[in-house]
Structures are given as structure tokens and as C-alpha cells.
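# Structure assessment
Listed below, chain by chain, are the residues.
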Amino acid sequence: MTSARPFNFAPGPATLPEPVLRQVAAEMLDWHGSGMSVMEMSHRGKEFGSILEAAERDLRELLAVPANFRILFMQGGGLGENAIVPMNLSRGGKVDVVVTGSWSRKSAAEARRYADVQIAADIGKTGVIPRDWALRDDAAYVHVCTNETIDGVEFHELPQLATGVPLVIDVSSHLLSRPIDWSRVGLAFGGAQKNIGPAGMTMVFVRDDLLGHALDICPSAFNYETVAANQSMFNTPPTFAIYVAGLVFQWVKGLEYAGKRGLAAIEQRNIDKAALLYGALDASGFFKNHIDPSCRSRMNVPFLLKDDRLNETFLAEAKSAGLLSLKGHKSVGGMRASIYNAMPLEGVQALVGFLKDFEARHG
Ligand SMILES: *Cc1c(COP(=O)(O)O)cnc(C)c1O
């Protein structure tokens, strides 16, 4: 099915697969003969129960989440987790944070309210993930943001930490774009609105042994042990967002690309999309991405124009060409193309064609 809609490169909330949007529209007034939209159902009824169960099962299968990890569907977003994680895991002790961009810097600042935080390493303006980390053996956990949405920095391999110290990863903007090596992870969290579905839902993957250590001040609704014991139903979960995410999981499971299927297909497509876009930027004398190729993000591609004064012209012309939301984050400037799972290869091809055309006319 070819789409007449423009390509949306927004960083989040972001583009969703068109077949999912069509299905949501078709099921809006009457979900599977229930006579209700999903928004109108009791979260404790059997209809929503089946939606939640399928969503969790599909997510677990797609990411091969081991049995000793609980999957929680929560509210509060990534920024909420910046407080919820230290309240649950720090025990008021030490937390080491590796700063690779804006989001991990924010995580460190928030965790300071609950724990003794040390910056183990800082990327600064180098554009490359630092190699040497000053880690403390007695830290409660180490926090890493595995895809920095604003800066366009991604870990392509998870660090192997000294035994005993759990790794916490903020996967908000690349969850479900690639497999996760769970043997190196204690906890992963991410909001839905970048790569999974509508805003309002946060997924937490937490290893069993990390449950049960929340600080007294932790709200019950944010206590992982309580949420896990109630199958994400301690309070009303974000039902509609879970439903849409469930359809996205189905969409990923069925996706075929380059002879692959499911998560392997989506990962290969993401690799190809990113290679196409970075290739075009590197070949150009007009556009530039400043991140080291070893840690460039497959999801978020920031780039600068040779002349900042052309930024407004670029955005206006891109919009006319059906390429939306390319403005970069204000802290970085320039442009940013977010090319999440739901962005088809054709969208990146259209962007690359536009970049060449723009350079030919203005370069
Ligand atoms: C968007 C984002 C967040 C914040 O998410 P909210 O839902 O706005 O709280 C945190 N971390 C990363 C890596 C993000 O991309």
C-alpha cells in the first residue's frame, strides 16, 4: 500500500505504521464485537485482559526477554523513570552514570535527589562514547542511555560490567529497533512515543532480583514490586496506548525485509536506512553529522547545514516536498531526522533525494 501522507521525521511523539493507524480507526467504535472502543473498556474486564496479555507476550517474544525479567507497563515516561529507578534500585546508596548526551545528563541530575551520583565518564563535545569509565564496585547500579535521541549517539554493543553491579539502560528511543543482550542488563526502560506507540505508556523490563528494595518514599504506584505483583494493574494502566502498542508488536512480528522476518527484518531495515542517510551526509560538502561512525544512532540523525542562515529555507522547502518535522533540537541546532521503525525505506530515499536537490540549488 503506497501512502499519500507526508513522511514524518519527528523525534517523538513520532510516526506510526500506517496499517496500525488504519486498524485503530476501523476498530474505534466497536472493538471485536464488544460494542465499545478500547478507551471505554474496564481495564479489569476480559476484553482488555486479552489485549494486555497479548501485548506482553508479543513484546517478550520479539525481544527474547528471559523468564527472570518482569515486563511492566507503567506511566510517567522516561523522565518519570529517572526518579522511579533510583527510588527502586539505589537503596539510597551509590549510582554511577555515564553521560553520553542530554538524556543521560538529565538522568544523573534527577538521581542526585535520591542517591550519591557520580559521573563515570562524559562524552562532552567529542562525539565519541568515552572508553574509560570511573566505576565504583559498590554502586547500586550503573546508568547508561543506549540511544541519545537529541545528540544522535547509540551504543552498538552493551558494556560488560564488573560482576554484581546491575546495568540500567534508558532505551526510550530505540526500543524494538534491534535485539537487547539481556545477559548484560539489570533493568531497561523506555517510553512508547518514540518507536512503539502513543505517548503515556512506559515499558520497564526488570530482573527479578532487583525487585523489593524500594525506598519508603517511593509511591506505591511506582514501586516495581507492587506493579509486578499486580500484573501492571495496581492502578489503571494506560489502556489505549497498550492496545496500540500491541498492534505495533503484531506489525513488527509480521514485517518481512531482505529475506528476514520480525525483529531481524526491522533491524536490517534500520541498518539500511541509516547507512543510506549517513552515506548521503558524508558524501556531501554541504551537510555534516559530527558523531563518530562507531556510535552513530540508527534512529536519530542530527545534521548541520554549511550555512545556518539556510535553515528556515531548508525546513520550508522540505515541508513542501512532503518531509515533515526535520528541525533539530534547540540545544544542538541544525536538523535532525528521526528514522524510527515505522519510517519506511522510501521515506529515507525521499529525504536523501531532497538533500541532493537542495545542495545542488543552494550549495
Ligand atoms: C524522550 C526521552 C525521554 C523522556 O521521555 P518522556 O516520556 O518525555 O518523559 C527520556 N530518555 C530518552 C532517551 C528519550 O528519548
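If you look the chain up in an unreviewed UniProt entry, it shows as Phosphoserine aminotransferase from Pelomonas candidula. For the chain, the Function (unreviewed entry) comment in UniProt is given as "Catalyzes the reversible conversion of 3-phosphohydroxypyruvate to phosphoserine and of 3-hydroxy-2-oxo-4-phosphonooxybutanoate to phosphohydroxythreonine."

### A closer look at the packing of aromatic side chains
Per the stated rule, a full pass over the model turns up 13 aromatic pairs. Note on Phe287 and Phe303: the rings are 5.8 Å apart at their centroids and 85° apart in plane angle, and the pair reads as edge-to-face. In this pair, Phe287 sits in strand S13 (residues 287-288) while Phe303 sits in strand S14 (residues 300-305), placing the two residues 16 residues apart along the sequence. One exposure class covers both Phe287 and Phe303, and it is buried. Clustering of aromatic rings is evident, with ring pairs tying together Phe286, Phe287, Phe303, Phe314, Phe354 and Phe358.

### Quick look at unusual backbone geometry
In the segment running from Gly12 into Pro13, the intervening peptide bond is cis, with an omega of -5°. When you line up the elements, Pro13 lands in the loop between strand S1 (7-8) and helix H1 (18-26). In this structure, Ala258 takes a positive phi of about 50° despite not being glycine. Position of Ala258 among the secondary structure elements: in the loop between strand S11 (256-257) and strand S12 (260-261).

### Here we look at the packing of helix H3 (residues 77-89) against helix H4 (residues 102-111)
Two numbers describe how H3 lies on H4: the axes approach to 9 Å, and their chain directions differ by 45°. Between H3 and H4, the angle falls in the class oblique. Along this stretch, H3 crosses H4, giving a crossing that reads as right-handed. The segment H3 lies against H4, with Leu79, Asn82, Ala83 and Pro86 engaging Trp103, Lys106, Ser107, Glu110 and Ala111. Here the residues of the contact of H3 with H4 sort into five nonpolar, two polar and two charged.

### Digging into the pattern of salt bridges
Should their charged atoms come close, side chains of opposite charge can pair. By the definition in use, this model includes 20 salt bridges. Residue Arg22 pairs with Glu18 through a salt bridge whose shortest N-O separation is 2.6 Å. Within this pair, Arg22 and its partner Glu18 are both found in helix H1, separated by four residues, close to a single helical turn. Residue Arg22 is classed as partly exposed on the basis of its relative accessible area, which comes to 46%. Take Glu18: its relative accessible area is 16%, and that puts it in the buried class.

### Topic: the domain arrangement of the chain
You can read the domains of the chain as domain 1 (21-252) and domain 2 (257-362). The centre of domain 1, based on its C-alpha atoms, is set 27 Å off from the matching centre of domain 2. Contact with domain 1, which involves 25 residues of that partner, is made by 25 residues of domain 2. Carbon and sulfur atoms supply 56% of the area that domain 1 and domain 2 bury against each other, a total of about 2000 Å² over both sides. For the pair domain 1 and domain 2, the number of links is zero salt bridges. At the level of elements, strand S7 (153-154) and helix H6 (239-254) are the ones that each hand at least two residues to the side of domain 1 that touches domain 2. Its residues assigned to classes, the side of domain 1 that touches domain 2 comprises eleven nonpolar, ten polar and four charged.

### Quick look at the sheet that holds S13
Within the open sheet, the three strands sit side by side as S13-S14-S16. Their pairing is antiparallel. Looking along the sheet, the strands with just one partner apiece sit at the ends: S13 and strand S16 (335-338). As paired elements, S14 and S16 share four bridges and run antiparallel to each other. In the strand pairing of S16, Asn300 is matched with Ser338. In the packing of helix H7 (residues 263-283) onto the sheet, the strands contacted are S13, S14 and S16, and the crossing angle to S14 comes to about 15°.

### Concerning the site of the ligand
Around the ligand, a shell composed of Gly77, Gly78, Leu79, Trp103, Cys145, Asn147, Thr149, Asp170, Ser172, Ser173, Gln193 and Lys194 is seen. The contact in question runs from an oxygen atom of the ligand to an N or O atom on the backbone of Gly78, over 3.1 Å. Protein burial of the ligand: of its 390 Å² of free accessible surface, 86% is covered by the chains. Ranked by the residues each element gives to the shell around the ligand, the list is headed by H3, at three residues. Classifying every residue of the shell around the ligand by side-chain character gives three nonpolar, seven polar and two charged.

### Brief notes about the UniProt feature "binding site: L-glutamate" (unreviewed entry) in the chain
The positions UniProt marks with the feature "binding site: L-glutamate" (unreviewed entry) are Arg44. Along the chain, Arg44 falls in the loop between H1 and helix H2 (46-62). Residues in contact with Arg44, not counting those within four places in the same chain, are Met233 and Phe234.

### Quick notes on the UniProt feature "domain: Aminotransferase class V" (unreviewed entry) in the chain
The feature "domain: Aminotransferase class V" (unreviewed entry), as annotated in UniProt, sits at residues 7-351 in this numbering. Split by type, residues 7-351 is 32% helix and 18% strand. Its first and last C-alpha atoms lie 9 Å apart.

Conventions used here
- Residues numbered from 1 in each chain as written.
- Predicted model: local features only at pLDDT ≥ 70, side-chain atom pairs only at ≥ 80, totals over all residues.
- Heavy atoms only, no water.
- UniProt positions renumbered as here; feature names shortened; annotations may be inferred.
- Phe/Tyr/Trp six-rings, centres within 6.5 Å; stacked < 30°, edge-to-face > 60°.
- Helix = DSSP H or I, 4+ residues; strand = E, 2+ residues; numbered from the N terminus.
- Buried < 20%, exposed > 50% of the residue type's maximum accessible area, 1.4 Å probe, protein only.
- Axes fitted to C-alpha atoms, helices over the stretch in contact; angles between N-to-C directions.
- Parallel < 35°, antiparallel > 145°, perpendicular 65-115°, else oblique.
- Left-handed = near helix turned anticlockwise from the far one by under 90°.
- Contact = heavy atoms within 4.5 Å.
- Nonpolar A, V, L, I, M, F, W, Y, C, P; charged D, E, K, R; others polar.
- Salt bridge = Lys/Arg side-chain N within 4 Å of Asp/Glu carboxyl O.
- Domains from an automatic or database assignment.
- Buried area = accessible area lost by both parts, 1.4 Å probe.
- Pairing = 2+ DSSP bridges.
- Near = heavy atom within 4 Å.
- Polar contact = N/O pair within 3.5 Å; in protein donor to acceptor, adjacent residues only side chain to side chain.
- Areas by Shrake-Rupley, 256 points an atom, 1.4 Å probe, with all protein chains shown as cover.

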